[in-house]
Amino acid sequence: MTAKLIDGIGLLYTGDPTGAEEIEHAAMVVEDGRVVWTGSAAEAPDADEREDAGGRCVIPGFVDSHAHLVFAGDRTPEFDARMSGQPYTAGGIRTTVAATRAAGDAELATRAAALIAEMRRQGTTTVEIKSGYGLTVEDERRSLEIASGLVDDTTYLGAHVVPAGTDADDYVRLVTGEMLAACAPYAKWVDVFCERGAFDGDQTREILRAGIKAGLQPRVHANQLTEGPGVRIAVELGAASADHCTHLSDADVEALAASDTVATLLPGAEFSTRSPYPDARRLIDAGATVAIATDCNPGSSFTSSMPFCIALAVREMRMTPLEAVRAATYGGARALRRDDVGVLRPGSRADYAVLDAPSYVHLAYRPGVPLVTSVSS
Ligand SMILES: [Zn+2]
């Protein structure tokens, strides 16, 4: 095994708020895909190889804990229409469902892999993928089989929307029965779009409980468009994450702050639907753990860029640059209950990005600029 010393790091952001979160003039030693040492460059141990970071900033690879990458089709006209004044409703999902059902496995896999590669070029090394554009037993199953061939964190989202022409109660029976049985072998998580026009509180509880019984862990699309029961249910069932959190009551904020459920904010969705952003400041000040993810999907947030979401979080959600980069690394890892990623400390995976900048602050200070010069994982 070869130990490599990365030297000359102007600023090492470790993503570890419980330890030395930022180290100036730093070095890091990696061996066999793991971090074995971090600290001041002056105290760096010897290694077999040496790489000079040239004063650049090194950060953990971003953890994008919310993405919908298995789909076909195109929704450019819908985006164009929305930017011309039409409001967003959950119904647009059905357009992608029709295209996804018509696509072959190879096409779906190729498109998802291309999006993962696009994410990686922007510094992302861990990606979660949801199903949810099949909505039949076989189309959900194959979506998750494709996703599980690409990433470790796969999420069964049969409860994305009730398919056109289907009775809602019948569909919930399918999602908690035959579809769940077919999908569970390929999924780690179960998710529900708890929203007016999608699934109500009782249906959400029933679907999540069935998933838990089948060995999956819960997460919830909660409080995106309206102040519904999603966050309360997420906390009640011990979900790893409540995602969106755009419309929260004081009780929702308090519940999140008092729980292990991460509030995952998806500012790309508000950007792309021209909607009010969630108030990250309110969540952080209350003591909640916050994550940022892209929500990459063809309808409401077709960005694969965590740096873009960080810039939005700082500009539009009242987060500091440090809070935003923390939410995109440590926060994302907490939202997936992963201790091995989103952090650079001895024992963690050596997943990191080098920025052509002296500090992670540039991710928000220089929005839209491709600052990631290399990615290792
Ligand atoms: Zn989503």
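Computed from a predicted model, the values in this text were never measured in an experiment. (Residues numbered from 1 in each chain as written. Predicted model: local features only at pLDDT ≥ 70, side-chain atom pairs only at ≥ 80, totals over all residues. Heavy atoms only, no water.)

Points about the coordination of the zinc ion
Piece 1. Looking at the metal site, the zinc ion is ligated by His66 (NE2), His68 (NE2), His221 (NE2) and Asp295 (OD), spaced 2.0 to 2.6 Å from it.
Piece 2. Coordination at the zinc ion is irregular, judged from the four donor atoms that bind it and the angles of 79 to 165° they form at the metal.
Piece 3. Within one chain, the residues serving as donors to the zinc ion are arranged as H-x1-H-x152-H-x73-D. Linking His68 in the loop between strand 6 (62-64) and helix 1 (76-82) with His221 in strand 10 (residues 217-222), this pair joins segments that are 153 residues apart in sequence.
Piece 4. We classify His68 as buried; its relative accessible area is 2%. (Donors = N, O, S within 2.8 Å, 3.2 Å for Na, K, Ca; no water. Tetrahedral: all angles 85-135°; square planar, octahedral: opposite > 155°, others 65-115°. Helix = DSSP H or I, 4+ residues; strand = E, 2+ residues; numbered from the N terminus. Buried < 20%, exposed > 50% of the residue type's maximum accessible area, 1.4 Å probe, protein only.)

What to know about the pattern of salt bridges
Piece 1. Applying the stated criterion across every chain, the model contains 28 salt bridges.
Piece 2. For Lys130, the salt bridge identified is with Asp191, shortest N-O distance 3.0 Å. Pair noted here: Lys130 is in strand 7 (residues 124-130) and Asp191 is in strand 9 (residues 189-194), with a separation of 61 residues, a long-range link.
Piece 3. Here Asp279 ties to Arg318 by a salt bridge, and the two come within 3.0 Å at their closest N and O atoms. On the criterion of sequence distance, the pair formed by Asp279 in the loop between helix 10 (267-273) and helix 11 (280-286) and Arg318 in the loop between helix 12 (306-316) and helix 13 (321-335) is long-range, its members being 39 residues apart. (Salt bridge = Lys/Arg side-chain N within 4 Å of Asp/Glu carboxyl O.)

Quick word on the UniProt feature "binding site: 4-imidazolone-5-propanoate" (unreviewed entry) in the protein chain
Piece 1. Sequence positions flagged by UniProt for "binding site: 4-imidazolone-5-propanoate" (unreviewed entry) are, in local numbering, Arg75, Tyr133, His160, Gln224 and Ser300.
Piece 2. With respect to the secondary-structure elements, Tyr133 resides in the loop between strand 7 and helix 4 (137-148).
Piece 3. The exposure class assigned to Tyr133 is buried, which follows from its relative accessible area of 2%.
Piece 4. Within the secondary structure, Ser300 is located in the loop between strand 13 (290-292) and helix 12.
Piece 5. Its relative accessible area of 4% is what places Ser300 among the buried residues. (UniProt positions renumbered as here; feature names shortened; annotations may be inferred.)

Description of the UniProt feature "binding site: N-formimidoyl-L-glutamate" (unreviewed entry) in the protein chain
Piece 1. UniProt tags Tyr133, Asn297 and Gly299 as "binding site: N-formimidoyl-L-glutamate" (unreviewed entry). Annotated residues spanning 167 residues; largest pairwise C-alpha distance 11.3 Å, indicating a single compact cluster.
Piece 2. Apart from residues no more than four positions distant in its own chain, Tyr133 is found in contact with His68, Val70, Phe71, Ile93, Thr96, Val97, Thr100, Glu140, His160, Asn297 and Pro298.
Piece 3. Topologically, Asn297 is positioned in the loop between strand 13 and helix 12.
Piece 4. Ignoring any residue separated from it by four or fewer positions in sequence, one finds Asn297 in contact with His68, Tyr133 and Phe302. (Contact = heavy atoms within 4.5 Å.)

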